[in-house]
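Descriptive analysis of the structure
Next come the chains, spelled out residue by residue.
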Amino acid sequence: MKKYNGHLIGNVEDGSIAQELNIEKGDYLLKINDEELEDVFDYQYLVQDEHLDVLIRKADGEEWLLDIDKDFDEDLGIEFENGLMDNYRRCSNSCIFCFIDQMPKGMRDTLYFKDDDSRLSFLQGNYVTLTNMSDKDIDRILKYHLSPINISFQTTNPELRCKMLGNRFAGEALKKVDRLCAPGTGIEINGQIVLCKGVNDGPELTRSITDLTKYIPNLQSVSVVPVGLSKYRDGLYPLEPFNKEDAQKVIDEIESWQKKVYKEHGIHFIHASDEWYFLAGRDFPEEERYDGYIQLENGVGMVRLLINEFEESMKIALSEHMDHIKGLKRHISFATGKLVYPCIKELVDRAVSVCPGLNTSVYEIINEFFGERITVSGLLTGQDIIKQLKGKELGDVLYLPENLLRSGEDYLLDDVTVGDIERELNVKVGIAKCDGHDLVSKLFDIPVDELF
């Protein structure tokens, strides 16, 4: 039997129940109400009781059994060294489109870790494939009502799914969706299809959308995103990039389904990511078609939201801050990825047209590190930014999009820091949020809370 060591406490909140009982950083939580805890969801479930018997092992090995009475919704004030309270589950697939397999050697180890953990889907919005999810995991999702869950479908053709995921159990894993979407579960799901040319597009995409509509209303949305192809694909499955005509066909298919599903269910359900509209050279859908931007984190509707927010803030700026704008004199610059560059350039030019004293440059950064087919800002590297902006007119501040930084850190994918960029380019670097309100704020030097 595996020895149970409990969970290491990383911090105790000031004024909390735990602090009052002299629970300390470095102690281990062993049991609550005589039950061992697998992860943070067991903890959150068990700690809701008004009466708790909490078993703690102190740093010196002494065990304390604490009898606690508290309010139903009152927490103990414990933070764990591992926020999940368990090891992350590693992906067991060998997907033909996996981006991690397309990364060069020599980057930091954490970038090569492939997770496929349903708990991270609930906590962080990660997409899971269901292939390493057991019946017990499904039971826990239903018991704790872990919702929403994000699922990477790719296709509903079982044989094709096995091929795409490189896992002979990938087709069978789709049956787990039936349990999650059974009547009365209340589990909400968002889906994703990574589209690969000549593999799961065309008739296969039609089949997948048809099958997935049967899971409405539990399945609230499905995004279709084009596969990302870096230049490091030697020895990998041969995949080709989509062209303009391909993108137009994908959009036509999706928009025809949106009309059909909306009539039957009142939601648009299936969504094309922004990349398809850029590639097809088409205007972005109106805001209403994004169903409240339910797939925003997956690149669906980001540009429409950016444009709408920019226009809202511009109206306020021009009506309430015109004297400030007329007297403004500043020189700033922006750098962004190839995909969104035309949109950012157009919006910045609109701001400059009403502010004669605003000298602004917008620079398109080509992704030489991963290859020119990678066009999103979030995968830009510091070395590309430095190389391509050396000697450019950058003004007093260079603004970079915040999505190229690792969460909570000041370094990019290649470990180049913001400070490194400032030093190499001899310019102050500012971080711009990926929204239109913040863009207007940065352009006109007006506090963002005055632009809503």
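Preceding block: the structure.
Calculation rules
Residues numbered from 1 in each chain as written. Predicted model: local features only at pLDDT ≥ 70, side-chain atom pairs only at ≥ 80, totals over all residues. Heavy atoms only, no water. Pairing = 2+ DSSP bridges. Helix = DSSP H or I, 4+ residues; strand = E, 2+ residues; numbered from the N terminus. Axes fitted to C-alpha atoms, helices over the stretch in contact; angles between N-to-C directions. Core = buried A, V, L, I, M, F, W, Y, C linked by side-chain atoms within 4.5 Å. Buried < 20%, exposed > 50% of the residue type's maximum accessible area, 1.4 Å probe, protein only. Contact = heavy atoms within 4.5 Å. Parallel < 35°, antiparallel > 145°, perpendicular 65-115°, else oblique. Left-handed = near helix turned anticlockwise from the far one by under 90°. Nonpolar A, V, L, I, M, F, W, Y, C, P; charged D, E, K, R; others polar. Salt bridge = Lys/Arg side-chain N within 4 Å of Asp/Glu carboxyl O. Disulfide = S-S within 2.5 Å. Phe/Tyr/Trp six-rings, centres within 6.5 Å; stacked < 30°, edge-to-face > 60°. Arc of directions from axis to C-beta. Polar contact = N/O pair within 3.5 Å; in protein donor to acceptor, adjacent residues only side chain to side chain. Right-handed = clockwise from strand over helix to strand, strands pointing away.

1. Some words on the sheet that holds strand β12 (residues 358–365)
- Pairing is parallel across the open sheet formed by four strands, whose spatial order is β12-β11-β13-β14. Among the strands making up the open sheet, the edge pair consists of β12 and β14 (428–432). Each adjacent strand pair in this sheet contributes to an overall mean axis angle of 25°, direction not counted.
- As paired elements, strand β11 (residues 330–337) and strand β13 (residues 397–401) share three bridges and run parallel to each other.

2. Concerning the nonpolar core
- I151, V224, W276, L443 and F444 are the most contacted members of the largest nonpolar core, which has 76 residues in total.
- The element contributing the most residues to this core is helix α11 (residues 302–320), with seven residues.
- With sequence-adjacent residues up to four places away left out, V224 is seen in contact with I193, L195, L205, V250, I254, I270, H271, A272, S273 and W276.

3. Remarks on the sheet that holds strand β8 (residues 189–195)
- Here we have five strands laid out as an open sheet, ordered β6-β7-β8-β9-β10, and parallel in their pairing. Every interior strand has two partners, whereas the edge strands, β6 (127–128) and β10 (270–272), have only one.
- When β6 meets strand β7 (residues 149–152), the two strands line up parallel, connected through two bridges. Residue pairing for β7: V128 is matched across the bridge by I151.
- Strands β8, β9 (219–226) and β10 of the sheet are contacted by helix α9 (residues 244–265), whose axis makes an angle of about 150° with β10.

4. Notes on the packing of helix α13 (residues 341–353) against helix α16 (residues 436–444)
- Two elements in contact, α13 and α16, have axes whose closest approach is 11 Å; the angle formed by their N-to-C orientations is 45°. Classified by the angle their axes make, α13 and α16 are oblique. You can see that α13 and α16 cross each other, and the crossing is right-handed. Residues L347, V348 and A351 of α13 form the contact with α16, whose own contacting residues are L439, L443 and F444.
- Partitioning the contact of α13 with α16 into residue classes produces six nonpolar, no polar and no charged.

5. Observations regarding the packing of α11 against α13
- Contact geometry of α11 with α13 gives a least axis separation of 11 Å together with a crossing angle of 5°. In terms of orientation, α11 lies roughly parallel with respect to α13. Contacts between α11 and α13 involve V303, L306, I307, F310, E311 and M314 from the first element and C343, I344, L347, R350 and A351 from the second.

6. Considerations on the pattern of salt bridges
- In the structure shown here, the tally under the stated rule is 22 salt bridges.
- Note that D42 is salt-bridged to R140, the shortest N-O span being 2.9 Å. Highlighted residues: D42 in helix α2 (residues 40–46) and R140 in helix α4 (residues 135–144), separated in sequence by 98 residues.
- Ionic pairing is found between E172 and K175, a salt bridge with its closest N-O pair at 3.1 Å.
- Counted as one network, the salt bridges with shared partners bring together E24, D27 and K58.

7. A word on the state of the cysteines
- Overall, the coordinates contain zero disulfides when judged by the stated rule.
- With no disulfide of its own, C95 has C91 as its nearest cysteine by sulfur position, at a separation of 5.4 Å.
- Free cysteine C162: the closest other cysteine sulfur is in C95, separated by 11 Å.

8. Notes on the packing of aromatic side chains
- Summed over the entire model, instances satisfying the criterion amount to eight aromatic pairs.
- Aromatic side chains F242 and W276 sit 4.9 Å apart centroid to centroid with 70° between the ring planes, which places their arrangement in the edge-to-face category. Of this pair, F242 sits in the loop between β9 and α9 while W276 is found in helix α10 (residues 274–280), placing the two residues 34 residues apart along the sequence. Grouping residues by exposure puts F242 and W276 together as buried.
- Their ring planes at 15° and their centres at 5.6 Å tell us that Y290 and Y293 sit as a pair that is stacked. Like Y290, the residue Y293 is buried in the burial classification.
- A network of ring pairs unites the aromatic residues F99, F369 and F370 as a single cluster.

9. Focus on the pairing of strand β4 (residues 63–69)
- Bridging between strand β3 (residues 51–57) and β4 involves seven bridges; their strand directions are antiparallel. Opposite H51, over in β4, you have D69 as the bridge partner.

10. Here we look at α4
- Turning to α4, its buried residues number three or more, namely D137, I138, R140, I141 and Y144. Taken end-on, α4 shows its buried residues confined to a sector of 160°, consistent with a single buried face. In α4, the exposed positions angled more than 90 degrees off the buried face are occupied by D135 and K143.
- Positive phi appears at H145, one or two residues downstream of α4, with a value of about 50°.

11. A short note on the side chain of N93
- Mapped onto the elements of the fold, N93 is located in the loop between β5 (78–80) and α3 (118–124).
- Owing to a relative accessible area of 6%, N93 belongs among the buried residues under this scheme.
- Reaching out from N93, the side chain makes a polar contact with the side chain of T129 at a distance of 3.0 Å.
- Looking at N93, its side chain comes within polar contact range of the side chain of N167, at 2.9 Å.

12. Overview of the pairing of β11
- Of all the eight residues making up β11, eight are buried; the element is thus mostly covered by neighbouring parts of the structure.
- The pairing of β11 with β12 spans eight bridges and is classified as parallel. Each residue of the ladder has a partner; that of H331, found in β12, is N359.
- Handedness of the crossover is the feature at issue here: the chain leaves β11, passes through α13, returns alongside β12, and the resulting connection is right-handed.

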